[in-house]
Number of protein chains: 2
Amino acid sequence: MAIRYPNGKLYTPKKETETKKRKDYSFSNRGKTLEDELSDANEYYLTHEIAVIYKKPIPIQVVKVDYPSRSSAVIKEAYYRTPSTTDFNGVYEGKYIDFEAKETENRTAFPLKNVHLHQVEHMSKVVKQQGISFLLVRFSAVDRYFYLPFDQLQRFWDRMLAGGRKSIALAEFEEHAIEIMPKYAPRIDYLKIVNDLYA
Amino acid sequence: MAIRYPNGKLYTPKKETETKKRKDYSFSNRGKTLEDELSDANEYYLTHEIAVIYKKPIPIQVVKVDYPSRSSAVIKEAYYRTPSTTDFNGVYEGKYIDFEAKETENRTAFPLKNVHLHQVEHMSKVVKQQGISFLLVRFSAVDRYFYLPFDQLQRFWDRMLAGGRKSIALAEFEEHAIEIMPKYAPRIDYLKIVNDLYA
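Below is a short write-up of the structure. (Residues numbered from 1 in each chain as written. Chains lettered and ligands numbered in written order. Predicted model: local features only at pLDDT ≥ 70, side-chain atom pairs only at ≥ 80, totals over all residues. Heavy atoms only, no water.)

To continue, consider the overall build of chain A. From N to C terminus, chain A includes 6 helices and 10 strands. Here chain A, with 199 residues, has 48% of them falling under the buried criterion. Pairs at least 24 apart in sequence give 65% of the contacts found in chain A among residues at least 6 apart. Total accessible area on chain A stands at roughly 10,100 Å², and carbon and sulfur atoms take up 50% of it. (Helix = DSSP H or I, 4+ residues; strand = E, 2+ residues; numbered from the N terminus. Buried < 20%, exposed > 50% of the residue type's maximum accessible area, 1.4 Å probe, protein only. Contact = heavy atoms within 4.5 Å. Areas by Shrake-Rupley, 256 points an atom, 1.4 Å probe, with all protein chains shown as cover.)

This is how it looks when you write it as structure tokens:
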């Protein structure tokens, strides 16, 4: 099954030769995490007035705080909480953007245990409110990036719930997601995909 | 100067008798903080599929973490960081919503020191991206709530920077903001104002 843009246009995946060529680019990720790369992209979008998108702080339950002086507070006991939403959100040309970003060392598939049920539910609610939601996946071992629209994520999620495989194969990303080809600045220009899909 | 909706319609402030009457409502805030009240409103919007709006977690810099067992992590040293954005954001019928909420015990004015420069800058960027941004203020001592559109906040902020007063008088809220009249559910229905302003 071919993937189509919402406007009906057929999406043509990059050819294998182009994919191979990417490896020679001088603007490699230089050991950065996906989070660092997206932070760079968001900083680029912000300073160039293209979009206002931030990573949300990690939710932490604070239990004990010390005040060694009037102006400072030191948290002495706290716990990580499970996030109830996605990592990133913001606004791009009036459009609400909301996504989760994950990287995997797996070379052939993305394990769905990396995504939480409440995150899928949150993304579903966002789409119902006419927001734009997607999963951004980096296959770190092969240095490839994919933008998986939420409706496709939902389909693979439902397949798992129905007893099917608990991961999305790289080959399925090639067919049902849109590959982000790293470029100079920003390296991971995910809003270009949003543009292509929703222009 | 009268306040007008973006569509040119004149905004008519509630009469004093109506304001006084509000005091008799049985659905009082019962000692809740503004944050609790907005959490209630957002929960209402979420469960009724009206909007998906969350308070962002407080940004915390984690310095030291202990792992007493494989499955648990205890944060032993961490510090509060200054937020670079506003408290709340989300999506409402495709529109990006981004706002800051503050309460003051002051009976006659809202001190602008409660808002940070980088928050005003963030809200300005949001509005440039066609997002909807505003300041929600509760005058707790008199139990009154105001929705101050960002362009008005910007005007009072600029007045301060030009050497003018460092606060916004309650009387100025009455003239340039929109009062939110508490009702049953949700008590603080701020999206009604968004509706009125942007419908």
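Moving on to unusual backbone geometry. At the junction of A:Ala185 and A:Pro186, the peptide bond is cis and its omega measures out at -5 degrees in the coordinates. When you line up the elements, A:Pro186 lands in the loop between strand E10 (178-180) and helix H6 (190-198). Of note in this structure, B:Glu93 is not a glycine but carries a positive phi near 50 degrees. By the secondary structure assignment, B:Glu93 is in the loop between strand E4 (88-92) and strand E5 (95-104). The phi dihedral of B:Asp143 falls on the positive side, at around 55 degrees, and the residue is not glycine.

Before going further, it helps to examine the interface of chain A and chain B. How large an interface is tends to be reported as the accessible area lost when its parts come together. Between chain A and chain B, the contact holds 36 residues from the first and 36 residues from the second. Summing the contributions of chain A and of chain B, the shared interface buries around 3,000 Å²; its carbon and sulfur component is 63%. Scanning the region where chain A abuts chain B turns up 2 salt bridges. The partner of B:Lys128 in a salt bridge is A:Glu49, with the nearest N and O atoms 3.9 Å apart. Our count for the contact surface shared by chain A and chain B stands at 11 residue pairs in polar contact (both at pLDDT 80 or more). If you list the elements that add at least two residues to the side of chain A that touches chain B, you get strand E1 (52-55), strand E2 (60-69), strand E3 (72-80), strand E4 (88-92) and helix H3 (117-128) of chain A. Looking at the side of chain A that touches chain B element by element, the count peaks at 8 residues for E3(A). Sheet topology note: the E3(A)/strand E3 (residues 72-80) of chain B ladder contains 2 bridges and is antiparallel. Bridged to A:Ala78 within E3(B) is B:Ile75. (Buried area = accessible area lost by both parts, 1.4 Å probe. Salt bridge = Lys/Arg side-chain N within 4 Å of Asp/Glu carboxyl O. Polar contact = N/O pair within 3.5 Å; in protein donor to acceptor, adjacent residues only side chain to side chain. Pairing = 2+ DSSP bridges.)

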